[in-house]
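Residues per chain are reported as follows:
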Amino acid sequence: MSLLKLGVVGVGALGRHHARILSEMQGVDLVGVAEVNPEQGQAIATACNTTWYADPDELLDKVDAVSIVVPSIYHLDVAEKFISRKLPVMVEKPLAASYEEAARIVALSEKHHCLVQVGHIERFNPAFRKVADSCSTPKYIRCERLAPFTFRSTDIGVIHDLMIHDIDLALALTNSSVLKVEAFGASVVSDHEDCAQARLYFENGCIADLSASRIHPEPSRTLHCWGYEGSFSADLTTREVSIFKPGETLKHGPSLPERAKRPDADIEQMKQDIFGKQIGVEKIVVPQIDALTAELQNFVDCINTGAQPVVDAQAGLAAMEVAEAVHKSVNRHQWEGSAHGPVGPHFEIPAAQGLRVA
Ligand SMILES: NC(=O)c1ccc[n+]([C@@H]2O[C@H](COP(=O)([O-])OP(=O)(O)OC[C@H]3O[C@@H](n4cnc5c(N)ncnc54)[C@H](O)[C@@H]3O)[C@@H](O)[C@H]2O)c1
């Protein structure tokens, strides 16, 4: 079989890893990287044994497909060039900088019958997969995604930068649509919101609480999911998954307070038996596969076989639609319960309190 000719557009902090992985992937010939920063482009091209081009247009006649890893505000512009030539694209998340631009990418992919995959990498995280496979009917989801300020992705706010990962995971877990969103957030160091809190109400009754901050001292990514089968928690960084499931006596016998009323009840022993005996506890460390390699392999496989990617353009658009609703809700939030007081993420704390957030 002939090699698939791939290119990477944008080889900055993340794109360099796309280029490295694709340069080592079986069945792939990384024919070039397009990068507007000459030193960066040349350095990555040399490291990956490929050619640097200053302009993505120069890749158009050379590739079978590309991975697009430029800042989100340029996704539509770059994607349009390749999709119009019916060349499959892998677009990093978020699909675009706004819902309208994301919808335009989806419309182009439909018009040109062109594969579009979106880089929601957490879908390839084995800790997420373990939770998704274990909890078939999530009724409550809680996600927290915290990071220090990196001075990257400042073209977008934390909702489209970080929270969108968890919006996509919640949509995938529930397989349902969002009916209502309540959110608030604040801009602290950038022109967009830097931290945000959102509650999503799903059509199937599930509720998801999402918390995202890019001004947190310590990075962390966690997912908790409660369903009829039990409670499932994943540390998406260490990939440790904890599973709590009610035992048979708890499910079928009298309640614990009822049992505690028996004359021979040993309350101290009963307290110790809650976790382990009444509620089964299992801790699993899932395999340490590289999620970006799995994601790019999925892209290559879909090009070769015509299969649907794990995260297609519609999934990327669905996440953008919810992100937009969260953004609108953050912009409407009245900090003092009135439109006459501070509203939205760029609020000013009254001067009398000696602090200013704007
Ligand atoms: N999936 C994830 O977890 C994840 C993580 C980080 C970033 N991202 C996404 O990846 C994208 C890139 O983020 P980053 O942190 O690597 O940004 P970055 O700024 O480090 O890199 C972007 C690179 O693109 C280059 N560039 C800009 N316009 C270009 C153009 N028209 N043609 C060629 N090159 C161009 C820039 O010079 C820069 O080197 C963003 O959309 C971001 O949201 C996704």
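Remember, predicted model here, so these are calculated numbers, not experimental data.

1. Topic: the pairing of strand S9 (residues 195-202)
Each regular strand shows side chains that alternate between the opposite faces of the sheet.
Step number 1: In this structure, strand S8 (residues 178-186) lies alongside S9, joined through eight bridges in antiparallel fashion. Looking at S9, one finds that Val178 is bridged to Phe202.
Step number 2: Of the pairings in the sheet, the one linking S9 to strand S10 (residues 207-213) comprises seven bridges and is antiparallel in character. Bridge pairing in S10 links Gln197 to Ser211.
Step number 3: Taking the residues that link successive antiparallel strands as the turn, the S9-S10 hairpin has four residues, and the phi of Gly205 there is positive, at about 95°.

2. A word on the domain arrangement of the protein
Step number 1: Assigned domains within the protein: domain 1 (4-121 + 291-311) and domain 2 (123-285).
Step number 2: The straight-line distance from the C-alpha centre of domain 1 to that of domain 2 is 32 Å.
Step number 3: Every contact between the two is made by 14 residues of domain 1 and, on the other side, ten residues of domain 2.
Step number 4: Of the residues contributing to the side of domain 1 that touches domain 2, the split by class is ten nonpolar, two polar and two charged.

3. Considerations on helix H4 (residues 99-111)
Step number 1: Spanning 13 residues, H4 covers 18 Å between terminal C-alpha atoms, matching the ideal 18 Å at 1.5 Å per step.
Step number 2: Burial in H4 covers these residues: Ala102, Ile105 and Ser109. Seen from one end, H4 has its buried residues packed into an arc of 55°, which puts them on one side. Along H4, exposed side chains directed more than 90 degrees from the buried face belong to Glu100 and Lys111.
Step number 3: Taken together, the buried residues of H4 touch helix H3 (75-83), strand S5 (89-92), strand S6 (116-119) and helix H11 (313-332).

4. Looking at the sheet that holds S8
Strands pair in a sheet through their backbones, by hydrogen bonds, and they do so in one of two ways: parallel or antiparallel.
Step number 1: Read from one edge of the open sheet, eight strands run S8-S9-S10-S7-S11-S12-S13-S14, paired in mixed fashion. What marks the edges here is a single partner per strand, and that holds for S8 and strand S14 (279-285). This sheet shows a mean twist of 10° between the axes of neighbouring strands, independent of strand direction.
Step number 2: In the sheet, strand S13 (residues 240-246) pairs with S14 via seven bridges, with the strands oriented antiparallel. Bridged to Pro246 within S14 is Ile279.
Step number 3: Sitting on the sheet, H11 is in contact with S8 and S9, with an inclination near 50° to S8.

Conventions adopted
- Residues numbered from 1 in each chain as written.
- Predicted model: local features only at pLDDT ≥ 70, side-chain atom pairs only at ≥ 80, totals over all residues.
- Pairing = 2+ DSSP bridges.
- Helix = DSSP H or I, 4+ residues; strand = E, 2+ residues; numbered from the N terminus.
- Domains from an automatic or database assignment.
- Contact = placed C-beta atoms within 7 Å.
- Nonpolar A, V, L, I, M, F, W, Y, C, P; charged D, E, K, R; others polar.
- Expected span 1.5 Å × (residues − 1).
- Buried ≥ 20, exposed ≤ 12 C-beta atoms within 10 Å, placed from the backbone.
- Arc of directions from axis to C-beta.
- Axes fitted to C-alpha atoms, helices over the stretch in contact; angles between N-to-C directions.

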